[in-house]
There are 2 protein chains.
Amino acid sequence: MAIRYPNKITKSVQNINYAHRGLLLENMINQSNNYYLEKDIALIFKKPTPIRVVKVNFENNYKKINKAYFEAPSTLDYNGLYKGHYLEFEAKETKNKTSFPLKNIHPHQKEHIKKVILHGGICFLIIMIKNETYLLSGNDYLAFLENNLSKSIKYDYIKSKGFLIETNIKVQCDYLKVIDKIYFKEN
Amino acid sequence: MAIRYPNKITKSVQNINYAHRGLLLENMINQSNNYYLEKDIALIFKKPTPIRVVKVNFENNYKKINKAYFEAPSTLDYNGLYKGHYLEFEAKETKNKTSFPLKNIHPHQKEHIKKVILHGGICFLIIMIKNETYLLSGNDYLAFLENNLSKSIKYDYIKSKGFLIETNIKVQCDYLKVIDKIYFKEN
């Protein structure tokens, strides 16, 4: 039997789902990814939030989920393909003005970052702090954890090791420009 | 606020969630991906099923979803990283003995396959038919669609164009062995 999917978008979803994370950066990245997709620049998607479904009913031929729970992610939020390369990253914004709290990244995700690098993928974090957006390479993130017992990464570290991501008219969070610079040595 | 995730695995989930798709092939691939992951051979994950969350309540500090719907996927089920290469595929089993019904692949997914190939990724289908498992390259799948108006792919086409995937003691669906052969020209 072919499964049917409802067409109507329900208004309150995003607010509920992402309330704990902040939507500004996520929206900027989604817009950027859509632009990259439409212009055939890259193929990068946000992974669906993992959800454990417990109870399902049929309702007007649709499957309606009546009970489910969010699960902890073990990979990063976004992955995809750029210039033939595998790319994966996590995007987080913080309201903290002086540092980025490390609890934002799950321990499983830290292990995953190591593995992506080991297997030859491009792996990084996008961090929005003080209304600025930085790309911090997976290696610099891991190096920080190796050398610090702190529970947060200071803004100054992010600013010195990270790369400022620009907003332009077409792309709100043009992180691939930074990727070109640091991984493909383009200008 | 840090979000908490329930630890208990609820027994009935998989049956509900995947009842319409058949679990045998999926379980074999999951076992294989776990093996590849543990042995640091590759980093390949099944994407979570996209779910649109409508209603959430707090219950014992957990977020409990009380209303949600499944959404149609626009990418393929599995993606990841192997030997520095981006890899993406869809896995389907059919009980049909003579052909693989094309309605198993959504129109959006067909477009997505073209894009993965365009951007230099490795893209394919894994099809289980008549208790055999084949890897059919994205290009051979697209070529079939170009040249046929049929609603299904005949078993003979899959057998002649596809590559038989073996089961061995360690890996139930050893598709990377086929990938080595056809993409990396290894034996």
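Per chain, residue numbering runs from 1 following the sequence as it is written. Chains and ligands are labelled sequentially in the order written, the chains with letters from A and the ligands with numbers from 1. Whole-chain, interface and lining totals are the exception, using all residues; otherwise, since this is a predicted model, local features are given only for residues with pLDDT of at least 70 and side-chain atom pairs are given and counted only at 80 or more. Each side-chain value is worked out from all heavy atoms of the structure, with water and hydrogens disregarded.

Asker: So, the confidence of the model for chain A: which residues are in play, and what are the values?
Answerer: Confidence of the prediction at every residue is given by pLDDT, a number between 0 and 100. With 88% of its residues at a pLDDT of 70 or more, chain A has an overall mean of 87. For this predicted complex, the interface confidence score (ipTM) comes to 0.82, while the overall pTM stands at 0.84.

Asker: Which residues make up the pattern of salt bridges, and what are the values?
Answerer: When the charged atoms of two side chains with opposite charge come close together, those side chains can pair. Here, a salt bridge means any side-chain nitrogen of Lys or Arg that lies within 4 Å of a carboxyl oxygen of Asp or Glu. Considering all chains together, one arrives at 16 salt bridges over all chains under this definition. For the salt bridge of Glu-90 of chain A with Lys-92 of chain A, the shortest nitrogen-to-oxygen distance reads 3.3 Å. Here Glu-90 of chain A matches Lys-92 of chain A in class, with each residue buried. Glu-88 of chain B serves as the salt-bridge partner of Lys-47 of chain B, at 3.8 Å between the closest nitrogen and oxygen. Of the two residues, Lys-47 of chain B sits in the loop between strand 1 (42-46) and strand 2 (51-59) while Glu-88 of chain B sits in strand 5 (residues 85-93), which places them 41 residues apart along the sequence. Burial classification: accessible surface area is computed with a 1.4 Å probe over protein chains only, and a residue below 20% of its type maximum counts as buried, one above 50% as exposed, and the rest as partly exposed. Helix numbers and strand numbers start at the N terminus; a helix is a DSSP run of H or I with at least 4 residues, a strand a run of E with at least 2.

Asker: Describe the sheet that holds strand 10 (residues 163-164) of chain B, naming the residues involved and giving the relevant values.
Answerer: Residue and element names in this part refer to chain B. Spatial strand order, 1-4-5-7-8-10: six strands in an open sheet with mixed pairing. Each edge of the sheet is formed by a strand with only one pairing partner; in this case those strands are strand 1 and strand 10. Pairing between two strands requires that DSSP report at least two bridges joining them. Here strand 1 runs beside strand 4 (residues 78-82); their pairing, made up of five bridges, is antiparallel. Within the sheet, the bridge partner assigned to Leu-43 lies in strand 4 and is Leu-81. Contacts between helix 3 (residues 107-118) and the sheet are confined to strand 5 and strand 7 (122-129), with strand 7 contributing the most and set at about 135° to the helix. Contact between two residues is taken to exist if any of their heavy atoms lie within 4.5 Å; hydrogens are not considered. Convention adopted: a line fitted to C-alpha atoms gives each axis, helices being fitted over their contacting stretch, and angles between N-to-C directions are expressed from 0 to 180 degrees.

Asker: Go over the packing of helix 3 (residues 107-118) of chain A against helix 4 (residues 138-147) of chain A, please, and point to the residues and values.
Answerer: Residue and element names in this part refer to chain A. The N-to-C vectors of helix 3 and helix 4 enclose an angle of 130°; their axes lie 10 Å apart at closest approach. Compared by their axis directions, helix 3 and helix 4 come out oblique. Of the two possible hands of crossing, helix 3 and helix 4 adopt the one that is left-handed. Residues Lys-110, Ile-113, Lys-114 and Ile-117 of helix 3 touch helix 4, and the partners they reach there are Gly-138, Asn-139, Tyr-141, Leu-142 and Leu-145. Class assignment of the residues belonging to the contact of helix 3 with helix 4 gives a composition of five nonpolar, two polar and two charged. Any angle that falls under 35 degrees is termed roughly parallel, while one over 145 is termed roughly antiparallel, one within 65 to 115 roughly perpendicular, and all others oblique. Crossing handedness: left-handed means the near helix sits turned counterclockwise from the far one by under a right angle, and right-handed means the same turn made clockwise. Polar here means any residue other than Ala, Val, Leu, Ile, Met, Phe, Trp, Tyr, Cys and Pro, which are nonpolar, and Asp, Glu, Lys and Arg, which are charged; Gly is therefore polar.

Asker: Talk me through helix 3 of chain B; I want residue IDs and the actual numbers.
Answerer: Between its first and last C-alpha, helix 3 of chain B extends 17 Å over 12 residues, near the 16 Å set by a 1.5 Å rise per residue. For helix 3 of chain B, the complete set of buried residues consists of Gln-109, His-112, Ile-113 and Val-116 of chain B. Taken end-on, helix 3 of chain B shows its buried residues confined to a sector of 105°, consistent with a single buried face. What points out from helix 3 of chain B, more than 90 degrees from its buried face, is the exposed set Pro-107 and Leu-118 of chain B. Against strand 1 (42-46) and strand 4 (78-82) of chain A together with strand 5, strand 7 and helix 4 (138-147) of chain B lie the buried residues of helix 3 of chain B. Within two residues after helix 3 of chain B, Gly-120 of chain B carries a phi angle of roughly 90°, on the positive side. Expected span, for any helix, means 1.5 Å times one less than how many residues it has. Of all possible arcs, the one meant is that of the directions from the helix axis to the C-beta atoms.

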